[in-house]
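# Architecture and fold: a report
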Amino acid sequence: MKDKIRELIKQKNGIILAHNYQPPEIQEIADLCGDSLELSIKASKTEAEIILCCGVKFMAETASILSPEKRVLLPVMDAGCPMADMVTPEALKKKKDQLGGIPVVTYVNSTAAVKALSDICCTSANVIDVINSIDSDEILMTPDKNLAQYAASKTNKKIHLWEGYCPYHDNLTKEDVLSAKAEHPNALFIAHPECSPEVLKLADSVQSTSGMIRFVKETDHDSFTIGTEIGHLYPLSKACPDKQFFAASDKMFCEDMKKITYENVINCLENPSFFEVKVPENIRKDAYTAVKRMIDLK
Ligand code: 13P
Ligand code: SF4
């Protein structure tokens, strides 16, 4: 099946992008695995005619926002992100009016319609740079309250929170981390900024998923407790096969990130019209401005 997928994607002049949380066998067929920022940059630069996105819906939408002339495919159309659904365009419009039009920074883990109402997007890899690029002392951040609190702890700006969160990262407790630390006392604890502030206080380093890969490669340390979605242990172990990685908690398992299989990918490539993600042009134009501003900061 692996060979068939690679053959089909080549015939169709496509590329396969996979998020770091995807199952190992899906990461193995991808042209690029990465964090949300790396996947967005690749989607904005590729010459391919088809972008097959192995991730969740907002990632495919971001690719469609950046490359409207390309065919963007998502092999499982109901692979979503519960956090992205915690802010609607209607609720955001209302909040913007209440706050008197202060700039809105929206995490890429959001719908295209919400991005379209935002001034700029961010990912976990660039959130501080994005916040610092804004010419205002007051900002509204959506939808992740944990990412917003992490950003607030690193800048002097007043950040208004949206009450959204990732159910799997927010689920990691201080007690889970303390017991993981007791079990592996020599391991460094690396956490994703979607974790709660009390968990981040215990972290030796706070990183996006690809930031974690760079961090473990660069340090001399050889064991790590990982505070992010459990699938990320695969790319970390692949990057550093001689180092040890422990999950901070088995509860950090994102079901949506695990829906894609080889069968789905083949079906999607053979019947692409059923798996196309296309952001309507009236929404795409404004969403593009917000995503492009973020990408241009790099
Ligand atoms: P990053 O890979 O950008 O750190 O994002 C994590 C995430 O939750 C994606 O759904
Ligand atoms: Fe969304 Fe959390 Fe799953 Fe990432 S891990 S896709 S933020 S629910």
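What this report covers is the structure whose coordinates are included nearby. (Residues numbered from 1 in each chain as written. Chains lettered and ligands numbered in written order. Predicted model: local features only at pLDDT ≥ 70, side-chain atom pairs only at ≥ 80, totals over all residues. Heavy atoms only, no water.)

### So, empty space enclosed by the protein
This structure, assessed with the given rule, holds 2 cavities of 30 Å³ or more. By volume, the largest cavity is sized at about 250 Å³. Along its surface, the largest cavity is lined by 26 residues, and Tyr21, Phe58, Asn109, Glu194 and Met257 are the ones closest to its centre. Per-element tally for the lining of the largest cavity: the top contributor is helix H9 (residues 167-170), with 3 residues. (1 Å grid on protein atoms, 1.4 Å probe; cavity = no way out; pocket = protein on both sides within 12 Å on 5 of 7 lines; lining within 4 Å. Points joined across faces, edges and corners; volume = space filled by probe spheres on them. Helix = DSSP H or I, 4+ residues; strand = E, 2+ residues; numbered from the N terminus.)

### Topic: unusual backbone geometry
Across the junction of Thr142 and Pro143, the peptide omega takes the value -20°, indicating a cis bond. With respect to the element layout, Pro143 can be found in the loop between strand S7 (138-142) and helix H8 (145-154). The backbone phi angle of Asn13 is positive, close to 50°, even though this residue is not glycine. Examined against the element boundaries, Asn13 turns out to sit in the loop between helix H1 (2-11) and strand S1 (14-19).

### Considerations on the site of ligand 1
The environment of ligand 1 is made up of 13 residues, and the closest members are His19, Ser36, Ser124, His192 and Thr209. Note that an oxygen atom of ligand 1 is positioned 3.5 Å from one of the side-chain N or O atoms of Asn109. Between ligand 1 and the protein, one listed contact pairs an oxygen atom with a side-chain N or O atom of His192 at 2.7 Å. A total of 300 Å² of accessible area belongs to ligand 1 in isolation, and the protein chains cover 96% of it. One can see that ligand 1 is located within the largest cavity. Class assignment for the residues of the shell around ligand 1 results in 4 nonpolar, 7 polar and 2 charged. (Near = heavy atom within 4 Å. Polar contact = N/O pair within 3.5 Å; in protein donor to acceptor, adjacent residues only side chain to side chain. Areas by Shrake-Rupley, 256 points an atom, 1.4 Å probe, with all protein chains shown as cover. Sits in = over half its atoms within 2 Å of the grid points. Nonpolar A, V, L, I, M, F, W, Y, C, P; charged D, E, K, R; others polar.)

### Remarks on the packing of aromatic side chains
Applying the stated criterion across every chain, the model contains 1 aromatic pair. With centroids separated by 5.4 Å and ring planes inclined at 15°, the aromatic side chains of Phe224 and Phe245 adopt a geometry described as stacked. Taken together, the residues span a long stretch of sequence, with Phe224 in strand S11 (residues 223-227) and Phe245 in strand S12 (residues 244-247) at a distance of 21 residues. Since its relative accessible area comes to 0%, Phe224 is described here as buried. (Phe/Tyr/Trp six-rings, centres within 6.5 Å; stacked < 30°, edge-to-face > 60°. Buried < 20%, exposed > 50% of the residue type's maximum accessible area, 1.4 Å probe, protein only.)

### Details of the site of ligand 2
Surveying the vicinity of ligand 2 reveals the residues Tyr21, Cys81, Pro82, Met83, Asn109, Cys166, Tyr168, Glu194, Cys254 and Met257. Here ligand 2 is seated within the largest cavity. For the shell around ligand 2, the per-class residue count stands at 8 nonpolar, 1 polar and 1 charged.

### Points about the packing of helix H3 (residues 36-45) against helix H4 (residues 57-66)
Running from N to C, H3 and H4 point in directions that differ by 35°, and their axes come no closer than 8 Å. The interaxial crossing formed by H3 with H4 has right-handed handedness. Every residue of H4 that contacts H3 at Ser36, Leu39, Ser40, Ala43 and Ser44 is listed here: Phe58, Met59, Thr62, Ala63 and Leu66. Grouping the constituent residues of the contact of H3 with H4 by class yields 6 nonpolar, 4 polar and no charged. (Axes fitted to C-alpha atoms, helices over the stretch in contact; angles between N-to-C directions. Left-handed = near helix turned anticlockwise from the far one by under 90°. Contact = heavy atoms within 4.5 Å.)

### Here's the deal with the sheet that holds S7
Strand order in the open sheet formed by 4 strands is S6-S5-S7-S8, and the pairing between neighbours is parallel. Whereas interior strands pair on both sides, the edge strands pair on one side only; in this sheet they are strand S6 (120-122) and strand S8 (158-160). Neighbour-to-neighbour, the strand axes of this sheet turn through a mean angle of 30°, independent of strand direction. Where strand S5 (residues 104-107) meets S6, 3 bridges bridge the pair, whose relative direction is parallel. Across the sheet, the residue bridging to Tyr107 is Cys122, located in S6. (Pairing = 2+ DSSP bridges.)

### Comments concerning the layout of surface pockets
If you add up the space inside the largest pocket, you get close to 220 Å³. Lining the largest pocket are 13 residues, with Asn20, Cys33, Ile213, Pro235 and Ala239 positioned closest to its centre. Looking at the lining of the largest pocket, the elements that each hand over two or more residues are strand S2 (32-34), helix H12 (209-218) and helix H13 (233-239). Broken down by class, the residue content of the lining of the largest pocket amounts to 5 nonpolar, 4 polar and 4 charged.

### Description of the environment of Pro193
As for its position among the elements, Pro193 is in the loop between strand S9 (188-191) and helix H11 (197-200). The buried category is assigned to Pro193, whose relative accessible area is 1%. The spatial distance from the C-alpha of Pro193 to the C-alpha of Arg71 is 32 Å, given a sequence separation of 122 residues. Those residues in contact with Pro193 that lie beyond four places of it in its chain are Ser124, Asn146, Leu147, Tyr150, Leu200, Val206, Gln207 and Ser208.

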